[in-house]
Amino acid sequence: MTMQLTSLDIPDAFVIKQTSFADERGQFSRLFCQKTLAPILAKREVKQVNFSRTTTKGTVRGLHYQRFPDAEMKFIRCVKGAVWDVLLDLRPESPTFLQWHAEELSQENNTMIVIPEGCAHGFQALEAESELIYFHTAFYSAEVEGGVHVQDPELAIDWPLPVDNLSVRDSLLPTVEEWLKD
Ligand SMILES: Cc1cn([C@H]2C[C@H](O)[C@@H](COP(=O)(O)OP(=O)(O)O[C@H]3O[C@H](C)C(=O)[C@H](O)[C@H]3O)O2)c(=O)[nH]c1=O
């Protein structure tokens, strides 16, 4: 089992291409390896692993992040269906501040995305019943949760499908302009 790490233009963000073993019984693949991912993890440890299923194609979740002291790195893999996954750099000191990157993650492409601390994450389901596994390097803390609106015209994120099924919470997230004022 191998994991090919590719750096993105957004500092400390990566795409990881994972091999999988397929035979007449089906498929086997490794989702996470502390040794292989040590160059990305450094001294971080995985604290929580989450699962989400998105029932309806076109649904968008995000753009979420956790502030210090519970800022987190997330390793995200699609294990069923397909999603258009977006990371947004919200680090004012970063050369790619307010830039975003999109990557298709699917059951078939065995691809994982790494969202560094200070970056927000969101995705759109490209198929019904799409499922994600998240590895988080910080505990969930509602008190330090933040986010920006997925349809902020300043970001101009070109979601592949009409944005659908936003949660009430996500529909009320600030634009980047409002977020900067805070
Ligand atoms: C993330 C999280 C949430 N929750 C609770 C909070 C809510 O009562 C419920 C659903 O949470 P939320 O509406 O934030 O779920 P999503 O909209 O899918 O958000 C997630 O998806 C976006 C795209 C992400 O990147 C985040 O990891 C995560 O925020 O689970 C927990 O109890 N523990 C957790 O770790």
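Every value quoted in this text rests on a predicted model; they were computed, and no experiment measured them. Here the residue numbering is sequential within each chain, running from 1 through the sequence in written order. Only residues with pLDDT of at least 70 get local features here, since the model is predicted, and only at 80 or more are side-chain atom pairs given and counted; chain-wide, interface and lining totals rely on the full set of residues. Side-chain numbers here rest on the full set of heavy atoms in the structure, without hydrogens or water.

Focus on the sheet that holds strand β9 (residues 100-106)
Applied cut-off: Any two strands with at least two DSSP-identified bridges between them are counted as paired. Here a helix means four or more residues in a row that DSSP labels H or I, a strand means two or more in a row labelled E, and each is numbered from the N terminus. Only the stretch in contact is used when fitting a helix axis, every axis being a line fitted to C-alpha atoms; angles between N-to-C directions are given from 0 to 180 degrees.
Read from one edge to the other, the open sheet built from 5 strands follows the order β9-β8-β11-β6-β13, with strand pairing classed as antiparallel. Edge positions in the sheet fall to β9 and β13 (145-147), since each of these pairs with one other strand and no more. Averaged over neighbouring strand pairs, the angle between their axes works out to 30° when direction is ignored. Strand direction decides the pairing type here: strand β8 (residues 82-89) and β9, joined by 7 bridges, are antiparallel. Across the sheet, residue Trp84 finds its bridge partner in β9, namely Glu104.

Details of the site of the ligand
Under the convention used in this document: Definition of nearness: a residue and a molecule or strand are near each other if at least one heavy atom of the residue lies within 4 Å of the molecule or strand. Identification of polar contacts relies on pairs of N or O atoms within 3.5 Å, with a donor-acceptor requirement for protein atoms, meaning one able to donate a hydrogen and the other able to accept it, and with residues adjacent in sequence counted only if both atoms are side-chain atoms. The method behind every accessible area is Shrake-Rupley, applied with a 1.4 Å probe, and residues are considered shielded solely by the protein chains displayed. Polar here means any residue other than Ala, Val, Leu, Ile, Met, Phe, Trp, Tyr, Cys and Pro, which are nonpolar, and Asp, Glu, Lys and Arg, which are charged; Gly is therefore polar.
By nearness alone, every residue bordering the ligand is listed as Asn50, Arg61, His64, Lys74, His121, Gly122, Tyr134, His136, Tyr140, Glu145 and Arg169. A distance of 2.8 Å separates an oxygen atom of the ligand from a polar side-chain atom of His64. Within the side chain of Lys74, one N or O atom sits 2.9 Å away from an oxygen atom of the ligand. Coverage of the ligand by the protein amounts to 63% of the 640 Å² it exposes when considered alone. In terms of residue class, the shell around the ligand is built from 2 nonpolar, 5 polar and 4 charged.

Comments concerning the nonpolar core
Basically, it comes down to this: Among buried residues, those of type Ala, Val, Leu, Ile, Met, Phe, Trp, Tyr and Cys that are joined through side-chain atoms within 4.5 Å constitute a nonpolar core. Residue exposure (1.4 Å probe, protein chains only): buried if accessible area is under 20% of the type maximum, exposed if over 50%, otherwise partly exposed. Throughout, a contact is declared for two residues whenever any of their heavy atoms are within 4.5 Å.
Counting 17 residues, the largest nonpolar core has Leu63, Leu88, Leu90, Val148, Leu155, Ile157 and Trp159 as its most contacted members. If you tally residues by element for this core, the top one is β8, at 4 residues. Residue contacts for Leu90: discarding those within four places in its chain leaves Tyr65, Phe97, Leu98, Gly118, Cys119, Ala120, Val148 and Trp179. Among the nonpolar cores identified, the runner-up in size contains 15 residues, and Val83, Leu105, Cys119 and Phe123 belong to it.

Overview of the sheet that holds strand β10 (residues 111-115)
Taken in spatial order, the 6 strands make up an open sheet running β1-β2-β10-β7-β12-β5, and their pairing is antiparallel. One side of each edge strand has no neighbouring strand; the edge strands of this open sheet are β1 (3-7) and β5 (48-54). With direction set aside, neighbouring strand axes in the sheet form an average angle of 20°. With 5 bridges connecting them, β1 and strand β2 (residues 14-18) associate as antiparallel partners. Bridged to Leu5 within β2 is Ile16.

Describing the UniProt feature "active site" (unreviewed entry) in the protein chain
Heads up, the rule is: UniProt positions are given in the numbering used here, feature names are shortened, and annotations may be inferred rather than shown by experiment.
Within the UniProt annotation, "active site" (unreviewed entry) is assigned to His64 and Tyr134. Spanning 71 residues, the named residues form one tight spatial group whose C-alpha atoms are at most 13.2 Å apart. Relative to the elements of secondary structure, His64 occurs in strand β6 (residues 60-66). By relative accessible area, His64 is classed as buried at 17%. Sequence-distant contacts of His64, defined by excluding residues within four places in its chain, comprise Lys74, Cys119, Ala120, His121, Gly146, Gly147, Arg169, Asp170 and Leu173. A polar side-chain atom of His64 sits 3.4 Å from a polar atom in the side chain of Arg169. With respect to the helices and strands, Tyr134 occurs in strand β12 (residues 130-136). Taking the relative accessible area as the measure of exposure, Tyr134 reaches 12% and is therefore buried. Excluding anything up to four places from it in sequence, Tyr134 contacts Gln48, Val49, Asn50, Ser52, Lys74, Phe75, Ile76, His121 and Phe123.

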